[in-house]
Amino acid sequence: MDFSKFKKSTTSVWGGESDVTLSGAVTSPIVNSVAFAYKDVDHWHDVSLGKAEGYIYSRNTNPTVAVLEEKIRLLEGAEAATSFATGMAAISNTLYTFLTAGKRVVSQKDNYGGTSKIFLDFLPLYNVQVQLCDTTDFDQFEKEIAKGCDLVYLETPTNPTLKVVDIKRLAAAAKKVGAIVVVDNTFATPINQNPLALGADLVIHSATKFLCGHSDAMGGVVAGKKELVQKIYQYREINGASLQADPAYMIARGMKTLELRIERQNASALKIATYLKAHSKVSDVFYPGLITHPGHAIAKQQMVGFGGIMSFALDGGYEHVKKLLTTLKLVHLAASLGSVSTLAGPPRTTSHVELTEAQRKLLGIPESLIRYSVGIENVDDLLQDLDTALASL
Ligand SMILES: *Cc1c(COP(=O)(O)O)cnc(C)c1O
């Protein structure tokens, strides 16, 4: 099927599916087969060498996994996509594919906690030079990139303070020195933002979050230039962090409602952020959809919607955080985001638990911060829940 003429909601439902339907089944099957058998040894050999289409062994490729990869490839407008057991596997495999001894990477101080750990603790062990810039100081970024680097790694909006990074501007700077540009697009999803169209070479998703959308399966995906994705694929097939058919099916199933969920979450989050901003017991709200947000202008240029995640700080510190979180009824106090149900938690116990208090302070993450990932519940119910909980403080 030619998907170029379809909108994203259509591609989310139909993308990748038609290739593997079995006996007229209207959903793609879960192919829980480790290996794929051949009647003809020459044909088997051709598939092994990549000269013919087919599957050999599920650590490399699998028909159900291929459905998911194809959906994301189409939604991101990429040449190729490959998948992983988790989002962190997608990130680490991508970084380790390109950052060998002597290479230099420029990134931002605000990255997902696990990604920060790779930059701060792991890559230096392999003699990779890591330069982390102040996340919204694009002049500093440009200076560091211009000194020469092999890879520029961005994440926007950031976790947990929702800073916005100018993808187009930094991708242009990276092009001048021949660096590969990688963007973690987990928070925005392909519905709200397409980094490849802004100049990135590779886009990464933790499919565990919005793409799956139901907090019941983990996965990761990288999509982008074929030549680059191929190298990452070769690294992953040997290092082995491959996605299994069952979670791939769950994520692909979740993705059929991706646009419906994201549209609802965009609208609800904006309403809730506006409400919190005006509340006397809330000292700060971080949401790129608010005109007062420092990254609002760039977000408006590079995003279609502002996403379902915000964070806010309370007057009164950590004791108030604990009280508020346990008074709220319509949230799971849990370490994930992007689900149909609202999830909330303090970054100091969730996304940034791997970091020390000093490292969090350096990132400007207040200890009284709450990350709030809006679900698809009725927004008036969520507002009422927040109102009751805030009044109890
Ligand atoms: C959750 C998350 C990851 C890691 O994904 P896992 O599937 O948990 O390994 C990476 N980046 C961002 C922005 C995330 O939110």
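Each chain has its residues counted from 1, running along the sequence as written. At least 70 in pLDDT is required for a residue's local features to be given in this predicted model, at least 80 for side-chain atom pairs to be given and counted, and no such filter applies to totals for whole chains, interfaces and linings, which use all residues. Computation of side-chain values covers all heavy atoms of the structure but excludes hydrogens and water.

1. A few points about the nonpolar core
Phase 1: To define a nonpolar core, start from buried Ala, Val, Leu, Ile, Met, Phe, Trp, Tyr and Cys residues and group those joined through side-chain atoms within 4.5 Å. Residue exposure (1.4 Å probe, protein chains only): buried if accessible area is under 20% of the type maximum, exposed if over 50%, otherwise partly exposed. If you look at the biggest cluster of nonpolar residues, it comprises 84 residues, and the most contacted ones within it are I272, M310, F312 and Y372.
Phase 2: Domain limits in this description derive from either an automatic procedure or a database domain assignment. Here this core spans two domains, since at least three of its residues come from each of domain 1 (7–255) and domain 2 (258–391).
Phase 3: For I272, the residues in contact, after removing those within four places along its chain, are M310, Y372, V374, V379, L382, L383 and L386.
Phase 4: Residues L95, L99, Y153 and I204 belong to the second largest nonpolar core, which totals 24 residues. When checking whether two residues touch, look at their non-hydrogen atoms; a contact exists if any pair is within 4.5 Å.

2. Concerning the domain arrangement of the protein
Phase 1: Under the domain assignment, the protein is made up of domain 1 (7–255) and domain 2 (258–391).
Phase 2: Distance from the C-alpha centre of domain 1 to the C-alpha centre of domain 2: 26 Å.
Phase 3: The interface of domain 1 with domain 2 comprises 43 residues on the first partner and 39 residues on the second.
Phase 4: We define buried area as the total accessible area lost by two parts upon association, computed with a 1.4 Å probe and summed across both. Across the domain 1 to domain 2 interface the summed buried area is about 3200 Å²; carbon plus sulfur atoms make up 62%.
Phase 5: The three residues of domain 1 that bury the most area against domain 2 are P160, N192 and F210, which together make up 22% of that side's buried surface.
Phase 6: Only one rule defines a salt bridge in this text: a Lys or Arg side-chain nitrogen within 4 Å of an Asp or Glu carboxyl oxygen. Linking domain 1 to domain 2 there are 0 salt bridges.
Phase 7: Broken down by secondary-structure element, the contributors of at least two residues to the side of domain 1 that touches domain 2 are α1 (8–14), α5 (113–122), α7 (167–176), α8 (189–192) and α10 (245–255).
Phase 8: Note on residue classes: Ala, Val, Leu, Ile, Met, Phe, Trp, Tyr, Cys and Pro are nonpolar, Asp, Glu, Lys and Arg are charged, and everything else, Gly too, is polar. Looking at the side of domain 1 that touches domain 2 residue by residue, the classes come out as 19 nonpolar, 16 polar and 8 charged. The way it works is that DSSP assigns letters per residue, a run of H or I at least four long becomes a helix, a run of E at least two long becomes a strand, and they are numbered from the N terminus.

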